[in-house]
Amino acid sequence: MARPHVSIVVGSNRRDSINRKLAQALAKLGADKFDAGIVRIDDLPMFNQDNEGNLPPEVVRFKNEIGAADGVLIVTPEHDRSVPAVLKNAIDWGARPYGKNSWAGKPGFITGASPGAIGTALAQQHLRAVMTGLGMILLGGEAYVTLKPNLLDDQGNIGEDSTRQFLQGFLDRFADLVTRLQEPRAARSAA
Ligand SMILES: Cc1cc2nc3c(=O)[nH]c(=O)nc-3n(C[C@H](O)[C@H](O)[C@H](O)COP(=O)(O)O)c2cc1C
């Protein structure tokens, strides 16, 4: 079985996004089990159903990258107690046009960081409802990361032992889910 490839979607288009840095740290933490790369969403135009019949090239690229992934890791902040608009825009493009839902059947893991103690909990809850509705197979559990000054070290790794171990546990279970779902998918495409 080929080494699994995970597409990472970061729910922030901010230049110095802490969630992008966390995503990069998670990619390194999971590197013994899967390859991972961040999929760009900040160049996607605002969703407009009028363009579904002739998708903009950025959208085609985005849907191809998600479609080719064995799993999707979403690392997102919370905006106004919900999913940031830039992420919801990408999700809507991924879901359309009807019959070409890029998310269906993909194993997914949702996490995110914000300064608050319950940081990203509501955004993640809303996101779970959306992604489950779109047919993603989401990893169970709740991975909320509170943004503290030592979250990341100078090398961009997760600095605190307890947080690193907490997230490593999720990544191990996510890698297991991705690998288990990769096998039937490979068998179906060979048939
Ligand atoms: C429009 C807006 C709304 C926000 N709403 C929330 C919120 O509901 N809950 C929260 O914990 N933080 C909220 N924040 C603070 C973000 O968690 C913080 O800006 C964080 O750094 C964003 O992540 P990023 O660095 O990856 O962009 C909000 C920030 C912005 C700009």
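Predicted model, so just to flag it, every value in this text is computed and none were measured.

**Q** I would appreciate a short explanation of the overall build of the protein chain in the present structure.
**A** Tallying secondary structure elements over the protein chain gives five helices and six strands in all. Counted from the first residue to the last, the protein chain has its helices and strands arranged as β-α-β-α-β-α-β-α-β-β-α. The C-alpha atoms of the protein chain give a radius of gyration of 16 Å, which matches the 16 Å a tight globule of 191 residues would have. When its C-alpha atoms are laid out on the principal axes, the protein chain stretches across 45 × 40 × 25 Å.

**Q** Could you clarify how one ought to interpret the pairing of strand E4 (residues 107-114) in this entry?
**A** Put simply, side chains in a regular strand alternate between the two faces of the sheet. Burial analysis of E4 places eight of its eight residues in the buried class, the great majority of the element. A two-sided burial pattern is seen for E4, the buried positions comprising Pro-107, Phe-109, Thr-111 and Ala-113 on one face and Gly-108, Ile-110, Gly-112 and Ser-114 on the other. Pairing geometry for strand E3 (residues 71-75) and E4, over four bridges, is parallel. Counterpart to Val-72 in the pairing with E4 is Gly-108. In this fold, the crossover linking E3 to E4 by way of helix H3 (residues 85-95) has right-handed handedness. Sheet topology places E4 next to strand E6 (residues 144-146); three bridges connect them, and they run parallel. When the bridges of E6 are listed, Gly-112 appears paired with Tyr-144.

**Q** What exactly am I supposed to notice about the packing of aromatic side chains here?
**A** This model, assessed by the stated rule, comprises six aromatic pairs. Taking 4.7 Å as the distance between ring centres and 65° as the angle between the ring planes, the aromatic pair formed by Phe-47 and Trp-93 counts as edge-to-face. Of this pair, Phe-47 sits in the loop between strand E2 (35-38) and helix H2 (57-68) while Trp-93 sits in helix H3, and the two are 46 residues apart along the sequence. Since its relative accessible area comes to 25%, Phe-47 is described here as partly exposed. Taking the relative accessible area as the measure of exposure, Trp-93 reaches 0% and is therefore buried. Plain terms: the ring middles of Phe-166 and Phe-170 are 5.2 Å apart, the flat faces sit at 70° to each other, and that makes the pair edge-to-face. Residue Phe-166 and its partner Phe-170 are both found in helix H5 (residues 161-190); the two are separated by four residues, about one turn of the helix. For Phe-170, a relative accessible area of 8% corresponds to the buried category.

**Q** Hey, could you run me through the site of the ligand in this one?
**A** Around the ligand, the surrounding shell consists of Ser-12, Arg-14, Ser-17, Ile-18, Asn-19, Pro-77, Glu-78, His-79, Asp-80, Arg-81, Ser-114 and Pro-115. Here an oxygen atom of the ligand sits 2.7 Å away from a polar atom, N or O, in the side chain of Ser-12. Take Ser-114: an N or O atom from its side chain is 2.8 Å from an oxygen atom of the ligand. Considered on its own, the ligand offers 620 Å² of accessible surface; in the complex 69% of this is hidden by protein. Per-class residue counts for the shell around the ligand are three nonpolar, five polar and four charged.

**Q** I tried to follow the environment of Ser-17 on my own but got confused; where do I start?
**A** Topologically, Ser-17 is positioned in the loop between strand E1 (5-10) and helix H1 (18-29). Here Ser-17 falls in the buried class, since its relative accessible area comes to 2%. As a C-alpha pair, Ser-17 and Gly-159 span 142 residues in sequence and 17 Å in three-dimensional space.

**Q** Honestly, the pattern of salt bridges in this entry has me stumped. Any pointers?
**A** When their charged atoms lie close together, side chains carrying opposite charge are able to pair. Counting across every chain of the model gives eleven salt bridges. Here Arg-164 makes a salt bridge to Asp-161, at a shortest N to O gap of 2.5 Å. Of this pair, Arg-164 and Asp-161 both sit in helix H5, three residues apart, which is roughly one turn of that helix. A single salt-bridge network, built from bridges that share partners, covers Asp-43, Arg-61 and Glu-65.

Criteria and thresholds
- Throughout this document, residue positions are counted from 1 along each chain, in the order its sequence is written.
- Only residues with pLDDT of 70 or above have their local features reported here, since the model is predicted, and side-chain atom pairs are shown and tallied only from 80 upward, although totals for entire chains, interfaces and linings are computed over all residues.
- To get the side-chain values, take all heavy atoms of the structure and skip hydrogens and water.
- Runs of H or I in DSSP of at least four residues are treated as helices and runs of E of at least two as strands, each being numbered from the N terminus.
- With C-alpha atoms as the basis for the radius of gyration, the globule rule is written as 2.2 Å multiplied by the number of residues raised to the power 0.38.
- The cut-offs for exposure are 20% and 50% of the maximum accessible area for each residue type, with area from a 1.4 Å probe on protein chains only; residues under the lower value are buried, those over the upper are exposed, and the others partly exposed.
- Paired strands, in this sense, are two strands between which DSSP finds at least two bridges.
- Seen with its strands pointing away from the viewer, a crossover is right-handed when the path leading from the first strand over the helix to the second is clockwise.
- Here is the rule: rings of Phe, Tyr and Trp (six-membered ring for Trp) pair when centre to centre is within 6.5 Å. Planes less than 30 degrees apart are stacked, more than 60 are edge-to-face, and the remainder are tilted.
- Note on terminology: near, applied to a residue and a molecule or strand, indicates that one of the residue's heavy atoms is within 4 Å of it.
- Any pair of N or O atoms that falls within 3.5 Å is considered a polar contact. Within protein, one atom must be able to donate a hydrogen and the other to accept it, and sequence-neighbouring residues count only if both atoms are side-chain atoms.
- Method for areas: the Shrake-Rupley scheme with a 1.4 Å probe, in which residue coverage is limited to the protein chains shown.
- When residues are grouped by polarity, Ala, Val, Leu, Ile, Met, Phe, Trp, Tyr, Cys and Pro land in nonpolar, Asp, Glu, Lys and Arg in charged, and all others, Gly among them, in polar.
- Criterion for a salt bridge: a side-chain nitrogen of Lys or Arg within 4 Å of a carboxyl oxygen of Asp or Glu.

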